[in-house]
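Read off the chains here:
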Amino acid sequence: MIPVILIALAFSCLTAEDPLLGKIPAGHIIVPGSLRVARDGSRAACVVKKGEKEFALVGDQLSAGFASVWTPALHASGKHVAFRVTKTTTRNATCSVLYDNKTIATDDYIGPVSLDLDDGTPAFWVSSGWINNADGSLTNGPMAVHYGKAKGKKWTLGSLHLAPSFSTQGGKAFSVATRGGNGFLLNLDSKGREQTIDCAVAEPMEVIVSPKGDELAYTYWVNVDLPPSSDAKPIFAVRRERLEGRDPKNPPPDESTAYVTAGAPVFSEDGEHLAFRASDGLKFGAVLDRKSGVALEFDFVDALQISPKTAQLAYRASNGCEIEAEAEAAVLLGTKAKGGKWLVICGEERSKEYEAVGDPAWSPDGSRCAFSVKSKSGWRVLCDGLTGDPYDEISPLVWSEDGHTVHFAGVDADEIRWARLEVE
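Residues numbered from 1 in each chain as written. Predicted model: local features only at pLDDT ≥ 70, side-chain atom pairs only at ≥ 80, totals over all residues. Heavy atoms only, no water.

If you tally the helices and strands in the protein chain, you get zero helices and 44 strands. Against the globule reference of 22 Å for 424 residues, the protein chain gives a C-alpha radius of gyration of 21 Å, in line with a compact fold. Seen through its principal axes, the protein chain has C-alpha atoms that stretch 60 × 55 × 40 Å. The proportion of buried residues among the 424 residues of the protein chain is 51%. Considering only contacts within the protein chain whose residues lie at least 6 apart along the sequence, 44% involve residues at least 24 apart. About 20,000 Å² of surface is accessible on the protein chain, with carbon and sulfur atoms providing 51% of the total. Charge separation in the protein chain, taken as the distance between the mean sites of 44 positive and 56 negative side-chain charges, equals 5 Å. (Helix = DSSP H or I, 4+ residues; strand = E, 2+ residues; numbered from the N terminus. Rg over C-alpha atoms; globule rule 2.2 N^0.38 Å. Buried < 20%, exposed > 50% of the residue type's maximum accessible area, 1.4 Å probe, protein only. Contact = heavy atoms within 4.5 Å. Areas by Shrake-Rupley, 256 points an atom, 1.4 Å probe, with all protein chains shown as cover. Lys, Arg positive; Asp, Glu negative; His and termini not counted. Charge placed at Lys NZ, Arg CZ, Asp CG, Glu CD.)

Shown next as structure tokens:
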């Protein structure tokens, strides 16, 4: 239950018992929101900054400086970590992928990186031949998915803002792409075999595969044929389909028919439930399993999480924030927002408003929801009437298998430690 008034103080401070995961080098500061930690606390990774340069930091190992470094993709086991980085010169900019301290790809453009949930193999979109136009816009060259050493076919346009999706079994990277004015879902396996999946829509925008690998959920552009002179806004819808026995000519009804526009689908851990972000063009809400009549009352919602066993929905919500995307595309995965006041909704309970909040995390039995909040004193973890001590930065939260402890990486001054909040 989320407290209105904090009723207890739990001992989660950084002590000698909390393993040291790394140190932030002198003169560097951590980039907010970039800290990630393995499920067992064996490894932490983040982005740090000094002057105009950004650096990848894994434990105590610091990379060279780059113009920009994106939040790391850290495998749950901690055995593999990938960073997308950008290097600029007086003539151009190039992107690279750093994987386990080695540069494995460099090109004009590289998209967000994901890791195979099974073995940690990296996957991302790559493109050559990008042109910087006089008006400041970019013209992209052909794009292809890279999955480990495998490379897919060339497409006119691939997914620019979302990394490929994996099931828990791994073995195939799923994404969206367009060629010849037509959009497709696709997957690429580790041997370079690429399969296109006809989804009977002109413009799929994003896709995720279910944990079991037997279903897809994707967002598509409904009114893609709008004439250029039209004042109508783009409308998106969410659809869910099984991979086996599907009939592209007779697709199932959309999950989001009760709402004007929707996107950002997410499966539950068992693949039985699906949630998505919905909007009326102005306000947002979070919807679970096609439920109609959900109040669209926030300026933005994010980080949807479905509880195991109890099938409740938790998410972050904000009013007064600024969305870092075109208004019509704000329902899509990868959209960020800043500023305003933030709160966390867990089932029927709501937290107070804070300067910022972290992603909610359900306990293994789905009975409790933990999350981090930021106030003047720093970041703290809250759960079930308990609150921890403040930290400069906190990673996403990890529950112990028995549901008694919430673990996380906590930053105190220049130290990154494996910290915890005991809830039982």
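Let us look at the state of the cysteines. Defined simply, a disulfide is a covalent bond joining two cysteines at their sulfur atoms. Under the defined criterion, the tally for this structure stands at one disulfide. A sulfur-sulfur separation of 2.4 Å characterises the disulfide bridge that pairs C346 with C369. Between C346 and C369 the sulfur-sulfur dihedral comes to about -45 degrees; the bridge is accordingly left-handed. Separated by 23 residues along the polypeptide, C346 in strand β34 (residues 341–346) and C369 in strand β38 (residues 369–375) bring together distant segments of the chain. Of the two residues examined, C346 and C369, each falls in the buried class. (Disulfide = S-S within 2.5 Å.)

Attention now goes to the confidence of the model for the protein chain. When the pLDDT values of the protein chain are averaged, the result is 91; 94% of them are 70 or greater. Segment residues 1–16 is flagged for pLDDT under 50; beyond a separation of four residues in sequence, or across chains, it makes 41 contacts in the model. (pLDDT = per-residue confidence, 0-100.)

This next bit is on the sheet that holds strand β30 (residues 300–306). Pairing is antiparallel in the open sheet, where four strands are placed in the order β30-β31-β34-β35. What marks the edges here is a single partner per strand, and that holds for β30 and β35 (349–350). As paired elements, β30 and strand β31 (residues 313–319) share five bridges and run antiparallel to each other. Residue pairing across strands places V301 opposite A317, the latter belonging to β31. (Pairing = 2+ DSSP bridges.)

Judged by nonpolar contacts, the single largest core of 17 residues is most densely connected at F298, L313, Y315 and A317. For this core, the secondary structure elements donating two or more residues are β29 (284–288), β30, β31 and β34. If sequence neighbours within four positions are ignored, Y315 has contacts with A286, F298, V301, D302, A303, L304, L343, V344, I345 and P360. (Core = buried A, V, L, I, M, F, W, Y, C linked by side-chain atoms within 4.5 Å.)

What follows is about the environment of E326. Mapped onto the elements of the fold, E326 is located in the loop between β32 (322–323) and β33 (337–338). Relative accessible area serves as the criterion here: at 58%, E326 is assigned to the exposed category.

Moving on: the pattern of salt bridges. Following the criterion strictly, the structure yields 19 salt bridges and no others. For R193, the salt bridge is made with D189, and the minimal N-O distance between the two is 2.7 Å. The class for R193 is exposed, based on a relative accessible area of 53%. E355 serves as the salt-bridge partner of K374, at 3.6 Å between the closest nitrogen and oxygen. Taken as a pair, K374 in strand β38 and E355 in the loop between β35 and β36 (356–357) lie far apart in primary sequence, 19 residues in all. (Salt bridge = Lys/Arg side-chain N within 4 Å of Asp/Glu carboxyl O.)

With that settled, consider the sheet that holds strand β26 (residues 236–242). Strand pairing in a sheet takes place through backbone hydrogen bonds and is either antiparallel or parallel in direction. Strand order across the open sheet formed by three strands is β24-β25-β26, with antiparallel pairing between neighbours. Where the open sheet ends on each side, the last strands, each with one partner, are β24 (204–209) and β26. Shown here is a sheet whose adjacent strand axes are inclined to one another by a mean of 20 degrees, direction ignored. In this structure, β24 lies alongside strand β25 (residues 215–221), joined through five bridges in antiparallel fashion. Bridge pairing links E206 to T219 in β25. (Axes fitted to C-alpha atoms, helices over the stretch in contact; angles between N-to-C directions.)

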